[in-house]
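Observations on the model geometry
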Amino acid sequence: MNTLLIVIIAFVLLEFGVSTTLSYLNGTWMSHSIPDLLQGLYDEEKYRKQQSYMRAGRRVASYSRCVSVVATLALLITGLFGWYDDWCKQAVQSPLLQLIVFFLGCQVLDLVLDLPFSYYSTFVVEERFGFNKSTRATFWLDSLKSFIVNFIVTSIIMGGIFLLYQWLGTSFWIWASVFLAAVILIINLFYSNLIVPLFNKQSPLEAGELRTAIEQAAARMQFKIKNIYVINGSKRSTKANAYFTGLGPKKRIVLYDTLMEQMTTDEIVAVLSHEIGHYKHHDIIANMLQAIVMVAVYLFAFSLVVTSPELPVAMGGTAPSFALSLFAFSLLLTPIDIILGPLGNMFSRRAEYRADAFAAQQGYGEALISALKKLSVNSMTNLTPHPLVVWFRYSHPTLYQRIVAIKKAEK
């Protein structure tokens, strides 16, 4: 139990304490009265159901958080991370494969800890409140495919960084930043083409009233789009969504079939005009650049301590280890993440306000408000989140805040 290990444990407990406090504050705020602008969204019976849904979700998240922190602390205190790293070095000869096997074990542990709560959330909580449409076969297959995809992506990223470190030493961070920038760009370009089809079927939106309305609205906004797809979201949930993905000729509109069932043509066009607003304000590129800059800063900081013997020792290691050093460094970033997370969310909320304003200025303000209300009611979202939770955790403004801003933009 050295000083650095104590610091790491303190940071793990700090993150747990912040998350638990925010959850508690949100729970205490649920009894606040609904703002006047949102009156009428629920009748008394449906609002009680929504409150029950929120409480059930909080309980599952709380239990999951407790199990995760207890497991992490147990592994840190007993030095099992170091033992496992030593085992990887004995079991595999290649340093690159040792690294990949180490992080494979970490991902397996995460999966084992998360699966019971994910299963309970899907087949008990979501089922009880009428959201779940997934079968158990789909759930297990999704879990397996998600694990494989995450493992492949993690192996490529970690393996690439490690090889650059072996080649360039502590100056590896420069080319590692370029490498990760390329990975981020590729994921943004090809996510809908390569990843989504593993889980959902995407079909081109057929000719008709909705497609014509979308194409005409996009033309008025001087936004070129040919790729409009419908995804079978109803395979898993009744909740609705829509999103844009890709850049340049690869960009596409993706509509959930549940969205098309629940909303009018004007409301769907209003939602998409909001997304077009993000493109008009270059929010997609800005988010990518922000992610690349943060990755570069983290890699540079890691390059300063990667050769430090204290990091692997704090994790229970007995020899220099890139894997243990990287893992310990990620835990030491906790206070920075706690600070930067809310700042990133603040910029994200500003982008959402701008996109809402763009839609309102195109004449879709009332339709967007109607769409947002339907999305909120159909998903049973929290109408009265605690202000501190909004500041810390919300990447989007609350429904009330968005409606107020849209009405202001209309004027």
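Quick summary incoming for the structure in this document. (Residues numbered from 1 in each chain as written. Predicted model: local features only at pLDDT ≥ 70, side-chain atom pairs only at ≥ 80, totals over all residues. Heavy atoms only, no water.)

A few words now on the pairing of strand 2 (residues 228-231). Of the two faces of strand 2, the one lined by Ile228 and Val230 and the one lined by Tyr229 and Ile231 are each fully buried. Judged from the 3 bridges that link them, strand 1 (residues 202-204) and strand 2 form a sheet pairing that is antiparallel. Bridge pairing links serine 203 to valine 230 in strand 2. Note: strand 2 against strand 4 (residues 252-256), 4 bridges, orientation parallel. By the bridge assignment for strand 4, valine 230 is matched with leucine 255. (Buried < 20%, exposed > 50% of the residue type's maximum accessible area, 1.4 Å probe, protein only. Helix = DSSP H or I, 4+ residues; strand = E, 2+ residues; numbered from the N terminus. Pairing = 2+ DSSP bridges.)

Moving on, we come to the packing of aromatic side chains. Applying the stated criterion across every chain, the model contains 22 aromatic pairs. Seen from their ring centres, tryptophan 173 and phenylalanine 300 are 5.0 Å apart, and the 65° between their planes marks the pair as edge-to-face. Residue tryptophan 173 is located in helix 6 (residues 172-195), and its partner phenylalanine 300 is located in helix 10 (residues 283-305); the two are separated by 127 residues in the primary sequence. Of the residues examined, tryptophan 173 reaches a relative accessible area of 25% and is grouped as partly exposed. The exposure class of phenylalanine 300 is partly exposed, given its relative accessible area of 38%. Each member of the aromatic cluster is reached from another via a ring pair, and the members are Phe81, Tyr84, Trp87, Phe102, Phe103 and Phe327. It is arginine 136 that lies over the ring of phenylalanine 123; its NZ or CZ is 4.5 Å from the centre. The ring of phenylalanine 199 is capped by lysine 145, whose NZ or CZ atom sits 5.3 Å from the centre of that ring. (Phe/Tyr/Trp six-rings, centres within 6.5 Å; stacked < 30°, edge-to-face > 60°. Lys NZ or Arg CZ within 6 Å of the ring centre and 35° of its normal.)

On to helix 13 (residues 334-379), then. Between its first and last C-alpha, helix 13 extends only 31 Å over 46 residues, short of the 68 Å set by a 1.5 Å rise per residue. Glycine 363 marks the point of greatest bend in helix 13, at about 120°. Phi for methionine 380, located one or two positions after helix 13, is positive at around 55°. (Expected span 1.5 Å × (residues − 1). Bend = angle between axes of the 7 residues up to and from the residue.)

As a further point, take the packing of helix 5 (residues 136-168) against helix 6. It is the contact of helix 5 with helix 6, at a shortest axis distance of 10 Å, that shows an interaxial angle of 160°. Between helix 5 and helix 6, the crossing angle belongs to the class labelled roughly antiparallel. The way helix 5 lies across helix 6 gives a crossing that is right-handed. Contacts between helix 5 and helix 6 pair Val149, Ile156, Ile157, Gly160, Ile161, Leu164, Tyr165 and Leu168 from the former with Phe172, Trp175, Ala176, Phe179, Leu180, Val183 and Ile195 from the latter. Broken down by class, the residue content of the contact of helix 5 with helix 6 amounts to 14 nonpolar, 1 polar and no charged. (Axes fitted to C-alpha atoms, helices over the stretch in contact; angles between N-to-C directions. Parallel < 35°, antiparallel > 145°, perpendicular 65-115°, else oblique. Left-handed = near helix turned anticlockwise from the far one by under 90°. Contact = heavy atoms within 4.5 Å. Nonpolar A, V, L, I, M, F, W, Y, C, P; charged D, E, K, R; others polar.)

Here the focus is the packing of helix 3 (residues 80-91) against helix 12 (residues 322-332). Two elements in contact, helix 3 and helix 12, have axes whose closest approach is 10 Å; the angle formed by their N-to-C orientations is 150°. Compared by their axis directions, helix 3 and helix 12 come out roughly antiparallel. Between helix 3 and helix 12 lies a crossing whose hand is right-handed. Facing Phe81, Gly82 and Asp85 of helix 3, the residues of helix 12 in contact are Ala323, Leu324 and Phe327.

Taken as a whole and judged by the stated rule, the model has 9 salt bridges. Between arginine 211 and glutamate 215 there is a salt bridge, with the nearest N and O atoms lying 2.9 Å from each other. Of the two residues, arginine 211 and glutamate 215 both sit in helix 7 (residues 209-220), 4 residues apart, roughly one turn of that helix. Since its relative accessible area comes to 16%, arginine 211 is described here as buried. (Salt bridge = Lys/Arg side-chain N within 4 Å of Asp/Glu carboxyl O.)

Before going further, it helps to examine the sheet that holds strand 4. Think of a sheet as strands paired side by side through backbone hydrogen bonds, with each pair either parallel or antiparallel. Here we have 4 strands laid out as an open sheet, ordered 1-2-4-3, and mixed in their pairing. Two strands lie at the open edges of the sheet, namely strand 1 and strand 3 (242-245), each paired on one side alone. With strand direction ignored, the average angle separating the axes of adjacent strands in the sheet is 30°. Taken together, the 4 bridges between strand 3 and strand 4 define a ladder with antiparallel strand orientation. Residue phenylalanine 244 lies in a different strand from strand 4, and its bridge partner there is isoleucine 253. On the sheet, helix 9 (residues 265-280) packs against strand 3 and strand 4 and is oriented at approximately 30° with respect to strand 3.

Moving on: the nonpolar core. Counting residues in hydrophobic clusters, the biggest one holds 51 residues, and the most contacted among them are Ile214, Ile253, Leu255, Leu272 and Leu383. With 9 residues, helix 13 is the single largest residue contributor to this core. Not counting residues up to four positions away in its chain, the partners in contact with leucine 272 are Ile214, Ala242, Phe244, Ile253 and Leu255. Core analysis: the next-biggest nonpolar cluster, separate from the first, contains 36 residues, Leu73, Phe172, Ala314 and Met315 among them. (Core = buried A, V, L, I, M, F, W, Y, C linked by side-chain atoms within 4.5 Å.)

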